[in-house]
Amino acid sequence: MTRVVVIGNGMVGSRFASDLVARCGAPAGTSAVEVTVLGAEEYAPYNRVLLSEVVAGKVDVAAIGLPGADDARVTVRRGTEAIAIDRSARRVVTGDGAHPYDVVVLATGAAARVPDLPGLTDLPGGLPRGAHALRTLDDAREIVAASLNARHAVVVGAGVLGLEVACGLARRGVAVSLVHGGASVMDRQLDGAAGGVVARGLAGLGVRTWTRARTERVLVTDGSVRGVALRVPDGGAPDGPSTHPGGGAGAAADATRLVDVEADLLVLACGTVPEAGLARAAGLAVDRGVVVGPDLASPDDPRVFAIGDCARPPEGGTGLIAQGWDQSRRLADHLAERCASSTDRGGAVNPDAAQGAASGRPRVRLGVDADRPSMALRLAMNVVARPLGEPHGPSAPGLSGVAAHPAGPGSTGRPRPPGPGNPGVDERPRAGTDVVRVKAAGLEIVTMGVCGERRAPDPAHRSVTLSDPASGRHVEVVVADGLLVGATCVGAPEVGADLTATYTRRVPVPADPAHLLLRPVAQAPAPASSPTHMPDRTTVCTCNGVTKGDVVGCWHDGARSVDDVARATRATTGCGGCKDVVCGLVDWLTKADPDQPKDEAAPAPVGLGM
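The rules behind each value
- Residue indices begin from 1 for each chain and proceed along its sequence in written order.
- Given that this is a predicted model, residues contribute local features only at a pLDDT of at least 70 and side-chain atom pairs are listed and counted only at 80 or more, while totals for whole chains, interfaces and linings are drawn from all residues.
- Each side-chain value is worked out from all heavy atoms of the structure, with water and hydrogens disregarded.
- We treat two strands as partners when DSSP finds at least two bridges between them.
- Put simply, DSSP H or I for four residues or longer makes a helix, DSSP E for two residues or longer makes a strand, and each gets a number counted from the N terminus.
- Every axis corresponds to a line fitted to the C-alpha atoms, with the helix fit spanning only the stretch in contact, and the corresponding angles, defined between N-to-C directions, vary from 0 to 180 degrees.
- Each helix should span, by expectation, one fewer than its residue count multiplied by 1.5 Å.
- Each residue's exposure class comes from its accessible area (1.4 Å probe, protein chains only) as a fraction of the maximum for that residue type: buried when under 20%, exposed when over 50%, partly exposed otherwise.
- N or O atoms within 3.5 Å of each other form a polar contact, as long as, within protein, one can give a hydrogen and the other can take it, and as long as residues adjacent in sequence are counted only when both atoms are side-chain atoms.
- On a scale of 0 to 100, pLDDT captures the predictor's confidence in every residue.
- When checking whether two residues touch, look at their non-hydrogen atoms; a contact exists if any pair is within 4.5 Å.
- Here a salt bridge means any side-chain nitrogen of Lys or Arg lying within 4 Å of a carboxyl oxygen belonging to Asp or Glu.

## Points about the sheet that holds strand β25 (residues 462–468)
- Ordered by their spatial adjacency, five strands build an open sheet running β23-β24-β27-β26-β25, and the pairing between neighbours is antiparallel. Looking at strand neighbours, the two that pair on one side only are β23 (436–440) and β25, the edges of this open sheet. Pairs of neighbouring strands in the sheet enclose a mean axial angle of 10 degrees, with direction left out of account.
- By the bridge criterion, five bridges tie strand β24 (residues 443–449) to strand β27 (residues 483–490) in an arrangement that is antiparallel.

If you want it as structure tokens, here you go:
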């Protein structure tokens, strides 16, 4: 039996425990693996991606709980923080004892970065009252509570999280100033023109934006935040993309002035710092995160693995949950094969059994002739009817059972040799793991692959841009070698959805990138007129690869609600963007299959153990 200790019970650690036991069979009452999960927080796993939605009041705390591993082989210890990894004795030390291991998996995530500023970090007792980071459920609750009486909030950092928090607080009726040191908002993903369009959209939502602004100090009175002192370009004003359009430095950039911005609520969205202290103390290599090879193992100890935000893989970390979940699946596959070979048993469980509908199961074709479909049903009908990872043609590369690899920033899209020491592993972000979506009311932003001003120039890239600031729209596409290798889409959600599908599935595109703006990819199917006509292979949840057939299958197995579907398939547990589609399918199934008896003993919705 292989003893696996997982340090971290967040979105990646809990997912890995489920992935691993799903792949390790237990024939004849035996078990090839025993998993212990150590979580520092007292709560059950929850969707950290949706914390900004909690701040906005769009999602209730109870709705972000994630299903855990419901398996006797998994022991979860909440509120148990790992103190050290004793590699010589092969055990993980905690405050209440030690846990021996054959394999240890670090999934400790990342902590919010708190800038070293006068008034913020130089006070006894930690941050002043009214100052908060947003990384945990407790952080979200404190920000929501503070917003009830706040008159003005300042959000420091205009990355994805900063934009979502600023829009969420504005939605609650709080006056918001968004402060960013870059030339434009989201400058890691957007160039100056795209950032300008977003800044105009923020102004329309009542968010005051300061760019090229340096936070000098936090103004504190009687231990509470009262304002923020900013160093801004002389003559600069808020609500614009930049003091100098186009993002250039400008001759006057050196002239600055000091501005005091009133605030009684300060939210820090300044990025994250990987939680790599355990690995560093154990003598493992740490760069920006725990250094791992293509097989996700530490080069210093083959028994230690790292996944998620705490890891530094060869292709670099994206900070996106899709990459962590992809690493979870890959590592679970690897360790399951190791367990199978060590026990020499042939009872491996099909890893897709929990998500897929059985091949012999009849397909639901019952139609309901409602005069006016519900909004959820109409949303469900507006999905692209091509399964995730389906080849465009008979010779599409990289799609034989494993997600293909999109080109990373600076790549031409050409195949690259396998990573060292692990044949067949491409050292680039895997398909869809670098797609960035902003979840904010009033803003529609999606970026992928090659995008933003920081990208490396490549003569093989061809790009075309449509910028229409007056209508709040900016779209850029980048192609190379017949593939879409990058895109930026602001204010055009339908185009963004088509580009995302094209990018993640590596669909061949026209050599002239202008065609991607003039019309959808030629081979992209039209939305289904009804879920009845939607193929079972249609992907409805790209985060977890869940198809319409999977949803129908779990309905036949007794699921009767969106929560039931989420438990059975994991749909809606990622970015949350597919929830309307899943609601629509459940709505359709309820009407199309009304004679199915409801499960009186259906399990309760996933809670947070509070």
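## A few points about helix α5 (residues 192–204)
- Here α5 contains 13 residues, and its C-alpha end-to-end distance of 18 Å stays within 8% of the 18 Å for a straight helix at 1.5 Å per residue.
- Regarding α5, the residues found buried are Gly 192, Ala 194, Gly 195, Gly 196, Val 197, Val 198, Ala 199 and Leu 202.
- A distance of 3.3 Å separates the backbone nitrogen of Ala 193 from a side-chain oxygen at the start of α5, and that oxygen is part of Asp 191.

## Describing the confidence of the model for the protein chain
- Averaged over all residues, the pLDDT of the protein chain is 80; the fraction at 70 or higher stands at 76%.
- Counting interchain partners and residues more than four positions distant, the pLDDT-below-50 stretch residues 598–603 has six contacts.

## Some points on the pattern of salt bridges
- Counted by the stated rule, this structure contains 18 salt bridges.
- The partner of Arg 330 in a salt bridge is Asp 326, and the shortest N-O contact between them spans 3.4 Å. In this pair, Arg 330 and Asp 326 both sit in helix α7 (residues 321–343), four residues apart, roughly one turn of the helix.
- Residue class for Asp 326 comes out buried when judged on its relative accessible area of 7%.
- Here the residues in one salt-bridge network are Asp 19, Arg 23 and Asp 333, joined through shared partners.

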